[in-house]
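Examination of the molecular architecture
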Amino acid sequence: MKVLGSVIVILSGFVPFTDNIWSWIDPSFNDMLDGRGVKLRSDIWIESLYVAIALCCLGRYMRAYIHCYILPIYASLYSLTMYELMRFGYEIDPDWWHRLGFLIMLIPVFYVIYRLNEHIKDLIRLDEIQFNTIEQIATKNNGG
């Protein structure tokens, strides 16, 4: 169940790029409009963000490996960055060089998160050792 949850979480990292994949397969998709006159590509992108969240929650429920969440975190941060840049008037054609550059910028952030996670695990282990030691001393002193 843990492996299936991990696969679901990893797939959730690809879901926000559904519109890009679709337009890569069918270039005419870029010009399609929905019933309101809005580009269908925008609708797909917004809906995919909600699906990604639901998939992450499902993966968490299935106890996915913690490191699998790196890909959905990258996808959501990338999507947020691209959205905010466009909102402030920057026209960015999201090609693979932008994605690669953004991924490279995130490597130190992920490293810090990883090290923090390892430090917390070490603190928990140290706390367990201390608790077990105190419990053993108390048992010996009570004649047990």
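Overview of the structure. (Residues numbered from 1 in each chain as written. Predicted model: local features only at pLDDT ≥ 70, side-chain atom pairs only at ≥ 80, totals over all residues. Heavy atoms only, no water.)

Some points on the side chain of Asn20
Examined against the element boundaries, Asn20 turns out to sit in helix α2 (residues 18-25). If near-sequence neighbours (up to four positions away) are discounted, Asn20 is found in contact with Arg41 and Arg99. (Helix = DSSP H or I, 4+ residues; strand = E, 2+ residues; numbered from the N terminus. Contact = heavy atoms within 4.5 Å.)

Brief notes about the pattern of salt bridges
Under the counting rule described, the total for this entry stands at 6 salt bridges. We note a salt bridge from Asp19 to Arg41, for which the minimum N-O separation is 3.2 Å. Separated by 22 residues along the polypeptide, Asp19 in helix α2 and Arg41 in helix α3 (residues 40-61) bring together distant segments of the chain. Its relative accessible area of 6% is what places Asp19 among the buried residues. Judged by relative accessible area, Arg41 falls into the partly exposed class, the value being 22%. Between Asp34 and Arg36 there is a salt bridge whose closest N-O contact spans 2.8 Å. Asp34 gets classed as buried once you look at its relative accessible area, which sits at 17%. Via salt bridges that share partners, Asp34, Arg36 and Asp43 belong to a single interconnected network. (Salt bridge = Lys/Arg side-chain N within 4 Å of Asp/Glu carboxyl O. Buried < 20%, exposed > 50% of the residue type's maximum accessible area, 1.4 Å probe, protein only.)

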